[in-house]
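Remarks on the overall topology
Spelled out from the first residue to the last, the chains are:
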Amino acid sequence: MITIICAECSRAPFGATARGLFRCDFCTSEIRTCELVLDPGEVWAVDPVGTLGYLPAPDNA
């Protein structure tokens, strides 16, 4: 999984909140998964500690 870093501060990843949002661990900016812009074949994921990331598209080569 590749961790998604906050675009607002560029300093920290997003962690899951009880409200279903993801909050930057540094600046507290929040996002929803529907706001993610991923390349075709990529999917968002959450690791066991609640950090938001994505899985790259499988290599079709």
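As the structure is a computational prediction, the values presented were derived from the model and not from experiment.

Attention now moves to the overall build of the chain. Along the chain, the regular secondary structure elements total zero helices and six strands. Of the regular secondary structure in the chain, the N- to C-terminal order runs β-β-β-β-β-β. A principal-axis box enclosing the C-alpha atoms of the chain has dimensions of 40 × 20 × 20 Å. Within the span of the chain, comprising 61 residues, buried residues form 30% of the whole. Restricting the contact set of the chain to residue pairs at least 6 apart, pairs at least 24 apart contribute 26%.

To continue, consider the sheet that holds strand S1 (residues 2–3). Strand pairs in the sheet, formed through backbone hydrogen bonds, run parallel or antiparallel to each other. Strands sit in the order S1-S6-S5 across an open sheet of three strands; the sheet is antiparallel. One side of each edge strand has no neighbouring strand; the edge strands of this open sheet are S1 and strand S5 (43–46). Pairing geometry for S5 and strand S6 (residues 52–55), over four bridges, is antiparallel. Among the inter-strand pairings, Val46 is bridged to a residue of S6, identified as Leu52.

Let us look at the state of the cysteines. Evaluation of the coordinates by the stated rule reveals zero disulfides. In this structure Cys6 is a free cysteine whose sulfur lies 3.7 Å from that of Cys27, the closest cysteine sulfur available. By relative accessible area, Cys6 is classed as buried at 2%.

A positive phi is found at Ser10, a non-glycine position, where the angle reads about 60 degrees. Tracing the sequence through the fold places Ser10 in the loop between S1 and strand S2 (14–16). Exposure remark for Ser10: the relative accessible area of 56% places this residue in the exposed category. For Thr28, which is not a glycine, the phi torsion comes out positive at approximately 70 degrees. In this fold, Thr28 is placed in the loop between strand S3 (22–24) and strand S4 (30–31).

Mapped onto the fold, Pro48 is located in the loop between S5 and S6. Measuring from C-alpha to C-alpha, the distance between Pro48 and Pro58 comes to 22 Å, with 10 residues separating the pair along the chain.

In terms of nonpolar packing, the biggest core is built from nine residues, these being Ile4, Cys6, Ala12, Phe14, Phe22, Cys24, Ile31, Leu36 and Leu52. Ignoring any residue separated from it by four or fewer positions in sequence, one finds Ile31 in contact with Phe14, Leu21, Phe22, Leu36 and Leu52.

Calculation notes
Residues numbered from 1 in each chain as written. Predicted model: local features only at pLDDT ≥ 70, side-chain atom pairs only at ≥ 80, totals over all residues. Heavy atoms only, no water. Helix = DSSP H or I, 4+ residues; strand = E, 2+ residues; numbered from the N terminus. Buried < 20%, exposed > 50% of the residue type's maximum accessible area, 1.4 Å probe, protein only. Contact = heavy atoms within 4.5 Å. Pairing = 2+ DSSP bridges. Disulfide = S-S within 2.5 Å. Core = buried A, V, L, I, M, F, W, Y, C linked by side-chain atoms within 4.5 Å.

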